[in-house]
Amino acid sequence: MTDVYPPLKSTLSSGAALVFPTLKPAQIERVAAQGRVRQVRPGEVLIEAGEKNAPFFVIKTGQVEVVQPSGATEKPVALFLPGQFTGEISILFGRRILVRVRAKEAGEVIEIDREHLLKLVQTDSELSEIFMRAFILRRVELIAQEFGDVVVLGSGHSPGTLRIKEFLGRNGHPYSYIDLDSDAGTQDLLDHFHVAVNDVPVMICRGDVVLRNPTNEQIAECLGFNEAIDQTRLRDVVIVGAGPAGLAAAVYAASEGLDVLVLETNAPGGQAGSSSKIENYLGFPAGISGQELATRAYTQAQKFGAQLMITKGAKALKRDRNQYAIEIDHGSPVQARSVIIAVGAQYRKLPLENLSQFEGSGVYYAATFVESQLCAGEEVIVVGGGNSAGQAAVFLAQNANRVHLIFRSDELANSMSRYLIRRLAEISAIVLRPRTEITALEGGDHLERVRWRDNQADTFETHDIRHVFVMTGAIPNTQWLDGGVALDANGFIKTGPDLSPEDLTSAHWPLARPPHLLETSLPRVFAVGDVRGGSMKRLAAAVGEGSIAVAFVHQVLHE
Ligand SMILES: Cc1cc2nc3c(=O)[nH]c(=O)nc-3n(C[C@H](O)[C@H](O)[C@H](O)COP(=O)(O)OP(=O)(O)OC[C@H]3O[C@@H](n4cnc5c(N)ncnc54)[C@H](O)[C@@H]3O)c2cc1C
């Protein structure tokens, strides 16, 4: 058993045997075959905090301790005994290690470099399961207990603070948070670093670097998120976007031996990453949070050797004979033999401060059978004046007691098909509310009340309504393509059979064969997930498309 130091011991949310497993002798032998056995002296530092591409250790004899350096002092984190192993997720990513790992006693360890560790987890399924589970759970514990190399000093009133917390959280990076609104003593610390009020939020990165209201890119740079990545290599496939579609493509492509680089503007997980609970994804009957799904998918992609560059969004796609160059934010262009575009779309959102509190728990962007069951016999609101809003209202009226269709214009004639307007008029449960907009959402864990304003009468009403369907459209993230691939009327990317002969002629399609399914008007460039015209705007569909595209990538690379 690991003797876990406090505070980890007292608060481990998963069983210590899973977080700190002890390997069996046969398993240790398989590890030893990939590394070298070496002696360690008491006090010898095996990994220093901040080290990149750190090795991995299995303890044969003696004890190895893990501490978090904090100025001149150290906080104990964990203690490993014979049969146990060091490491957490940073080791797979090749990122800087968050803690110091040191021999507590003289003993013997097996040392493995990152490359051989990756080989081991790709080929030995039993060890892979043990290591991956422990690495993920250890990272979860580090996050939960705010062990890490980052301190954020911020205020609940500053949007910058929220952004930084979200960015670190969605990238799975542990941090400590000091709330300046409630922690008066922090002023001394700020004075010490000469931080003025308008520099807030402040981030202290890796103990000493002080960043004032940093951009996400500055944070990624300071924490070395992209350091282990070779940007100059020609890749078999570059995937643009690390939402569910891009991560699925990365897992399939890397596991099938392709050299994969993923470019992501913000953090892995995409829109799904912001969902508090996804209940309709296959294999998760109790639901799964978007963040957890994203972390698992990201780790899975890394396990197979895919690399992911954070805060390096694609800015342009250039074709150069048989390969592509993707220009990125602050960096040299990335070269690719094939490209998968998985940049998703952004739902138009209601301009309400507490909207995110109710997304998934009263505010929805899709009206499917699942959502319709949630509001059976209740009153609901559909927001929007287009066809998707009309269809949602008709569909929801089958189960709901009443459907308020709220839209800002005077009438629907300019934005909705006539047949739908007629259908809406025929259904007595549907109430049309023109020139109206929602002004407030109220509730606790779930939406309970909605306030709206009738702009013509200049009156406000508050209703006990628990379900709002926002059907105001989605904007595809295709601006960066600058018309380089054929788009449909709404700006989504056309692929495969949706590309007309005219599309292919104007794109100078150079091949005798027609585009494959999911292939765009540029050969060897695919589009998957929400950004693709006609896509289902569903997690499972995005994941499915990401994996299907990889089958075609193999074909085009052999052309
Ligand atoms: C709140 C919410 C809840 C949802 N709940 C469900 C649900 O319960 N079930 C379900 O089936 N679906 C749900 N959906 C829909 C589902 O999340 C999407 O269909 C899915 O995320 C689409 O995946 P994607 O990879 O195509 O795109 P996205 O998830 O949008 O990911 C695209 C990624 O590309 C990145 N990106 C954008 N531009 C660039 C660029 N130029 N360079 C690099 N990267 C870029 C973005 O930062 C993002 O990470 C929900 C959506 C939302 C918003």
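None of the values given here were measured: they were computed from a predicted structure.

**Q** So what about the site of the ligand? Which residues, and what values?
**A** Taken together, 31 residues surround the ligand, and among them Glu264, Gln271, Asn280, Ala314 and Asp530 come closest. Contacts to the ligand include alanine 272, whose backbone N or O atom sits 3.4 Å from an oxygen atom. Contact distances for the ligand include 2.9 Å between a nitrogen atom and a backbone N or O atom of alanine 314. For the ligand, the protein covers 88% of the area, taking 1,000 Å² as the surface of the free molecule. The set of elements that each furnish at least two residues to the shell around the ligand consists of helix 10 (244–255), strand 13 (260–264), strand 18 (345–347) and helix 17 (539–557).

**Q** Describe the pairing of strand 12 (residues 235–240), with residues and values.
**A** Among the six residues of strand 12, six are classified as buried, and the element is accordingly described as predominantly covered. Pairing between strand 12 and strand 17 (residues 331–341): five bridges, direction parallel. From the neighbouring strand, arginine 235 faces strand 17, where its bridge partner is alanine 336. Pairing of strand 12 with strand 13, which is carried by four bridges, proceeds in the parallel orientation. Bridging from a neighbouring strand, valine 237 pairs with valine 260 of strand 13. Following the backbone out of strand 12, through helix 10 and into the adjacent parallel strand 13, one traces a crossover that is right-handed.

**Q** Break down the side chain of glutamate 545 for me, with residues and values.
**A** Mapped onto the elements of the fold, glutamate 545 is located in helix 17. Only 2.9 Å separates the side chain of glutamate 545 from the side chain of arginine 532, close enough to count as a polar contact. Those residues in contact with glutamate 545 that sit more than four places away from it in its chain are Leu518, Val528, Gly529, Arg532 and Ser535.

**Q** Just give me the short version of the state of the cysteines, but keep the residues and values in it.
**A** Enumeration over the complete set of coordinates arrives at one disulfide. Paired through a disulfide, cysteine 205 and cysteine 222 show a sulfur-sulfur distance of 2.0 Å. In this structure, the disulfide formed by cysteine 205 and cysteine 222 twists by about -120° around the S-S bond and is classed as left-handed. With cysteine 205 in strand 10 (residues 202–205) and cysteine 222 in helix 9 (residues 216–222), the pair connects residues that are 17 residues apart, well separated along the chain. A residue is classified by how much of its surface remains accessible, and cysteine 205, at 0% relative accessible area, is buried.

**Q** So what about the side chain of glutamine 84? Which residues, and what values?
**A** One can find glutamine 84 in the loop between strand 5 (73–80) and helix 4 (89–93). By relative accessible area, glutamine 84 is classed as buried at 1%. Separated by 3.3 Å, the side chains of glutamine 84 and threonine 22 make a polar contact.

**Q** Residues and numbers for the layout of surface pockets, please.
**A** Empty space among the atoms can be located by rolling a probe the size of a water molecule over them. Approximately 1,000 Å³ is the volume found for the second largest pocket. Forming the boundary of the second largest pocket are 44 residues, of which Glu292, Leu293, Thr295, Arg296 and Ala297 lie nearest the centre. Breaking the lining of the second largest pocket down by element, the ones donating at least two residues are helix 4, helix 6 (125–144), helix 7 (159–170), helix 10, helix 11 (290–303) and helix 17. Of all the elements, helix 11 adds the most residues to the lining of the second largest pocket, at twelve residues. Residue composition of the lining of the second largest pocket, by class: 23 nonpolar, 13 polar and eight charged.

**Q** An account of the packing of aromatic side chains is needed here, citing residue identities and associated values.
**A** In this structure the tally under the stated criterion is twelve aromatic pairs. Judged by centre distance (6.1 Å) and plane angle (75°), the rings of phenylalanine 56 and phenylalanine 135 are edge-to-face. In this pair, phenylalanine 56 sits in strand 3 (residues 56–61) while phenylalanine 135 sits in helix 6, placing the two residues 79 residues apart along the sequence. Residue phenylalanine 135 is classed as buried on the basis of its relative accessible area, which comes to 0%. Through successive ring pairs, a cluster of aromatic residues spans Phe56, Phe85, Phe131 and Phe135. Lying across the ring of phenylalanine 225, arginine 95 places its NZ or CZ 4.1 Å from the centre. When the ring centre of tyrosine 177 is taken as origin, the NZ or CZ atom of lysine 165, which lies over that ring, is 3.8 Å away.

**Q** A description of the pattern of salt bridges should follow, citing residues and the corresponding values.
**A** Oppositely charged side chains can form a pair if their charged atoms are brought close together. Scanning all chains against the criterion turns up 33 salt bridges. Among the salt bridges present, the one from glutamate 74 reaches arginine 102, with a minimum N-O distance of 2.8 Å. Note that glutamate 74 is positioned in strand 5 and arginine 102 in strand 6 (residues 100–103), a separation of 28 residues in sequence. Taking relative accessible area as the criterion, arginine 102 reaches 15% and is therefore assigned buried. A salt bridge links arginine 423 to glutamate 426; the nearest nitrogen and oxygen atoms lie 3.4 Å apart. With arginine 423 and glutamate 426 both in helix 15 (residues 418–426) and three residues apart, the pair spans about one turn of that helix. A relative accessible area of 56% means that glutamate 426 is categorised as exposed.

About the criteria used
Residues numbered from 1 in each chain as written. Predicted model: local features only at pLDDT ≥ 70, side-chain atom pairs only at ≥ 80, totals over all residues. Heavy atoms only, no water. Near = heavy atom within 4 Å. Polar contact = N/O pair within 3.5 Å; in protein donor to acceptor, adjacent residues only side chain to side chain. Areas by Shrake-Rupley, 256 points an atom, 1.4 Å probe, with all protein chains shown as cover. Helix = DSSP H or I, 4+ residues; strand = E, 2+ residues; numbered from the N terminus. Buried < 20%, exposed > 50% of the residue type's maximum accessible area, 1.4 Å probe, protein only. Pairing = 2+ DSSP bridges. Right-handed = clockwise from strand over helix to strand, strands pointing away. Contact = heavy atoms within 4.5 Å. Disulfide = S-S within 2.5 Å. 1 Å grid on protein atoms, 1.4 Å probe; cavity = no way out; pocket = protein on both sides within 12 Å on 5 of 7 lines; lining within 4 Å. Points joined across faces, edges and corners; volume = space filled by probe spheres on them. Nonpolar A, V, L, I, M, F, W, Y, C, P; charged D, E, K, R; others polar. Phe/Tyr/Trp six-rings, centres within 6.5 Å; stacked < 30°, edge-to-face > 60°. Lys NZ or Arg CZ within 6 Å of the ring centre and 35° of its normal. Salt bridge = Lys/Arg side-chain N within 4 Å of Asp/Glu carboxyl O.

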